[in-house]
Amino acid sequence: MPSSHAVRSARPPRCRRCPLAAACCLAVALPTLAAQPASQPRAPLAALRRDTTRRADSTRAPGQLPGVSVVGEATPLDRIPGSVAVISPEQLRRSRVFSTQEALRKVAGVVVRDDEGFGARPNIGIRGLNPTRSTKVLLLEDGVPITIAPYGDNAAYYHPPIERMESVEVLKGAGQVLYGPHTVGGVINYRTPAIARTPTATLSLSGGTRGFRTLRAAASGTVGETGLLADLVRRETLGARENTRTTVDDASVKLRVPLAGSQQLTLRGSLFREQSQVTYAGLTEAEYAANPRQNPFADDAFDITRLGGAVAHQVGATPQRRLVTTAYAHTVQRDWWRQSSSSAQRPNDRSDPACGGMANLRTTCGNEGRLRDYVVAGVEPRLAWQRLGARHLLQLDAGVRLHHEVQERQQVNGGTPRARTVGLPGDVNAGIVEDNRRTTLAHAAFVQARVVAGALSVTTGVRGEAMRLTRLNRRPVPGHPEGVAGATSLAALIPGVGATWTVRPGITLFTGLHRGFSPPRPEDIISNSTGGVVELDPEASWNSEVGARWQRGTAWQLEATLFSMDFANQVVPASIAGGVGAALTNAGRTRHRGAELSVQAAAEGGAFRPFVELAATWLPVARYVGARWAYVGTTATDGVGKVFLEPDAARTRTRVSVTGNRLPYAPTATLTSTVGVRHRDGAELRVELVAVGAQASDPVNTRVLAADGQQGPIAANALWNATANVPLGRTGLGGWVAVKNLTDRTVVVDRTRGLLPGMPRLVLLGVSQRW
């Protein structure tokens, strides 16, 4: 296409139709798809058998989307063949988490790396997987995929605010085969509140240091059998660094409508908008030493709008047979205008004589606009069926998915620091640098069966994924003045098997084995210059675990897990995340071995009731095990000791084997531990320790620091948080105070695109009223 191709306004029309194709399969649901109300205790197997004739609408919380619970707080633990965690409404409320990353640190096996410091775009890793942009994790909201493009671009540039979530479910075991396409790490499902039977309303206000302010207002109720929930969140903060500011507005609605017979319709809609003054680049070593919280790029701006919706139609009102069909769609418009994508760019327009360098950053230097539009739509019917035999319970679930994504991506270089359109023709670096259309059409089918016989439960399942990826480059390339196009297809079978054995009431042993799979992005597997297919394989692994659970009532819970992940091929960043020339590459064989421990214990009875919460992970093995090489610079041009993943043209770099080396950003140990005391009137004081072990930032595991800050070790760190909750009378009014990073310790959390500091001390005060 000609270089005058206009920005945004003249892009090709957004995708208004999604190709549809038919598919069918059989499957078995997780037991949570027919869970009991959250207010009831977990039922033993005998009680479950007696309850199989109950109507499904009596076992599902009002307003919950049918068949979307991934774990479910009321699911009997003796039937979950893998490691699971549920962050309960009480945990979220009492610990006063201010971000998703703070909440997820309460789950063993999960590492959440800071980004801008306040959790707008958390980087979530599980069991030693690289956390960059949460690409190794499947993120759901009420069972529906929420990332901007779950198959073709699984980066978490959008994340719903934690303030409107009721609970969080994390599944890491063999049950992931029901929730593809990404099954290498885990499934995280954010659950919104159920629609209330009687009219209720909530108003929460909080404020604090760093300009932090939040407002949440929610109302819910049911008239007849028709129920409604409306939720509004506004959030503002100055961020963790200078010259940063974030404003988030989020509105959502949920509607439940009964239909004729045993049918029900549940509709959800949400509108999210974030406007931020925030840079992508980290700091150089010199900049960090001078002021770790500085941000030279005060004119960088991030703007994202997401409009999403889902419709769930249920036929059948008993667990014996129920069909739930969910259709979902969302659109995303994401623009990030920035003068640097990494600490190696100071700034990105420095080759323009009118810019020249940092001295003219805010006057004559231009910028780059990374402009993205996404349209995503899909439909997924799930058929649940179960049969009670004389000596066993058989559960089956069947489902298919049809999913389509369209990405419109441009890089537009502006001529001034605050440009929001293409620069003038005379500007050296101005113009449209990238103009891509990328699509993914995916078909999936899954089947899973669970047989429960006495104390033993055995679950087997398989998921099939098939996808067609295309990439169209509208920019001229050598030999192709009109651009190039390419396409490829891939398919995978993802089996899983697991078992549980109830040793005695409250004690369960579990084990599981499943295939880990994660598809490559169109941009990584199809060349932008030729349209040819790049040799980048899907991620594939065998994941196994064995563990035990113990529970006594609701006050005492323990889960211990040993896990193993063996990758035939793990895909890792070949360069800085999202920066110039960013790409992914095959890391080959890698191995992960470790252990997790989760504990919740609380005293029962008495005026003062102490409690303990703990989530610990030990990861002694997270290393390259196949033949793998890196290259170390030997010249002043490269930087002596600088690590690269590819040789240079002059072959001056030294080739170094990294086989046996630690994988980057995989700490050996993590710990989140909370101790506190709760009074019977509801007052509470809790103190929390969040500790993260040392990490390598490159495959060589070098201790040589690079001037750009992108290389070198990341030291272990430990931060303290404290929270006090105080009821104010008996009318639903409550107040609280929280201090995050109590000692105001400054720590390095990332070197991917330069040095990034963690969150500074944050003091928060809040009040909430429930009617």
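In what follows, the structure referred to is the one given above.
Residues numbered from 1 in each chain as written. Predicted model: local features only at pLDDT ≥ 70, side-chain atom pairs only at ≥ 80, totals over all residues. Heavy atoms only, no water.

Participant: Let's hear about the overall build of the protein chain: which residues, and what values?
Facilitator: When its secondary structure is counted, the protein chain shows six helices and 36 strands. A burial count over the protein chain gives 59% of its 771 residues as buried. Sequence-distant contacts, at least 24 apart, represent 70% of the contacts inside the protein chain between residues at least 6 apart. Here the protein chain has roughly 29,100 Å² of accessible surface; of this, 60% comes from carbon and sulfur atoms. (Helix = DSSP H or I, 4+ residues; strand = E, 2+ residues; numbered from the N terminus. Buried < 20%, exposed > 50% of the residue type's maximum accessible area, 1.4 Å probe, protein only. Contact = heavy atoms within 4.5 Å. Areas by Shrake-Rupley, 256 points an atom, 1.4 Å probe, with all protein chains shown as cover.)

Participant: Describe in detail the nonpolar core, supporting the description with residues and values.
Facilitator: In terms of nonpolar packing, the biggest core is built from 35 residues, with L104, I124, L139, V168, I188 and Y190 touching the most fellow members. With twelve residues, the next largest nonpolar core counts V177, A442, M467 and A492 among its residues. (Core = buried A, V, L, I, M, F, W, Y, C linked by side-chain atoms within 4.5 Å.)

Participant: Quick one: what's the story with the side chain of K136, residue by residue and with numbers?
Facilitator: Assignment of secondary structure puts K136 in the loop between strand 3 (123-126) and strand 4 (137-141). For K136, a relative accessible area of 7% translates into the label buried. One polar contact links K136 to E539, side chain to side chain, over a distance of 2.8 Å. (Polar contact = N/O pair within 3.5 Å; in protein donor to acceptor, adjacent residues only side chain to side chain.)

Participant: Quick one: what's the story with empty space enclosed by the protein, residue by residue and with numbers?
Facilitator: Gaps between atoms show up when a probe of the same size as a water molecule is rolled over them. Under the defined criterion, the tally for this structure stands at 14 cavities of 30 Å³ or more. Of the volumes computed, that of the largest cavity is approximately 300 Å³. Taken together, 21 residues make up the lining of the largest cavity; nearest its centre are R105, V112, D114, V690 and L719. Put simply, the parts of the chain that give the lining of the largest cavity at least two residues each are helix 4 (100-104), strand 2 (110-113), strand 31 (684-692), strand 32 (717-727) and strand 34 (748-750). (1 Å grid on protein atoms, 1.4 Å probe; cavity = no way out; pocket = protein on both sides within 12 Å on 5 of 7 lines; lining within 4 Å. Points joined across faces, edges and corners; volume = space filled by probe spheres on them.)

Participant: Can you break down the pattern of salt bridges residue by residue, with the values?
Facilitator: Using the criterion set out here, one finds 54 salt bridges in the structure. For E141, the salt bridge is made with R268, and the minimal N-O distance between the two is 2.5 Å. With E141 in strand 4 and R268 in strand 12 (residues 263-277), this pair connects stretches of sequence that are 127 residues apart. Side by side, E141 and R268 carry an identical accessibility label, which is buried. A single network of salt bridges, built from pairs that share partners, joins D153, R372, R409, E434, R438, R521, E523 and D524. (Salt bridge = Lys/Arg side-chain N within 4 Å of Asp/Glu carboxyl O.)

Participant: Please provide a residue-by-residue account of the packing of aromatic side chains, values included.
Facilitator: Summed over the entire model, instances satisfying the criterion amount to six aromatic pairs. Ring geometry for Y157 and W336: centres 6.4 Å apart, planes at 90°, overall edge-to-face. Pair noted here: Y157 is in the loop between strand 5 (144-145) and strand 6 (167-171) and W336 is in strand 14 (residues 321-338), with a separation of 179 residues, a long-range link. With respect to burial, Y157 and W336 carry one shared label: buried. Grouped by ring-pair contacts, the aromatic residues Y157, Y280, F302 and W336 constitute a single cluster. Above the face of the W336 ring, R338 is positioned so that its terminal group lies 5.1 Å from the ring centre. Directly above the aromatic system of F611 lies the positively charged group of R678, at a separation of 4.5 Å from the ring centroid. (Phe/Tyr/Trp six-rings, centres within 6.5 Å; stacked < 30°, edge-to-face > 60°. Lys NZ or Arg CZ within 6 Å of the ring centre and 35° of its normal.)

Participant: Describe the sheet that holds strand 7 (residues 186-191), listing the residues and the values that go with them.
Facilitator: Strands sit in the order 1-6-7-4-5 across an open sheet of five strands; the sheet is mixed. Every other strand in the sheet has two partners, leaving strand 1 (84-87) and strand 5 as the edge strands with one partner each. Sheet topology places strand 4 next to strand 7; five bridges connect them, and they run parallel. Bridged to L140 within strand 7 is N189. (Pairing = 2+ DSSP bridges.)

Participant: Please provide a residue-by-residue account of the sheet that holds strand 28 (residues 643-644), values included.
Facilitator: If you walk across this open sheet you meet the three strands as 28-27-29, and the pairing is antiparallel. What marks the edges here is a single partner per strand, and that holds for strand 28 and strand 29 (654-657).

Participant: Now, about the pairing of strand 9 (residues 213-223): what can you tell me, with residues and values included?
Facilitator: The pairing of strand 8 (residues 200-208) with strand 9 spans eight bridges and is classified as antiparallel. Across the sheet, residue S206 finds its bridge partner in strand 9, namely T214. The hairpin turn running from strand 8 into strand 9, its antiparallel successor, is four residues long, and R210 in that turn takes a positive phi close to 55°. Two elements, strand 9 and strand 10 (residues 226-237), share eleven bridges in a ladder whose sense is antiparallel.

Participant: Can you break down the state of the cysteines residue by residue, with the values?
Facilitator: A disulfide bridge is the covalent bond that connects two cysteines by way of their sulfur atoms. On inspection of all chains with the given rule, the structure shows one disulfide. Note on cysteine connectivity: C355 is disulfide-linked to C365, with sulfurs 1.9 Å apart. The S-S bond linking C355 to C365 shows a torsion near 80°; that makes this disulfide right-handed. Note that C355 is positioned in the loop between strand 14 and strand 15 (367-388) and C365 in the loop between strand 14 and strand 15, a separation of ten residues in sequence. Across the pair, exposure class does not vary: C355 and C365 are buried alike. (Disulfide = S-S within 2.5 Å.)

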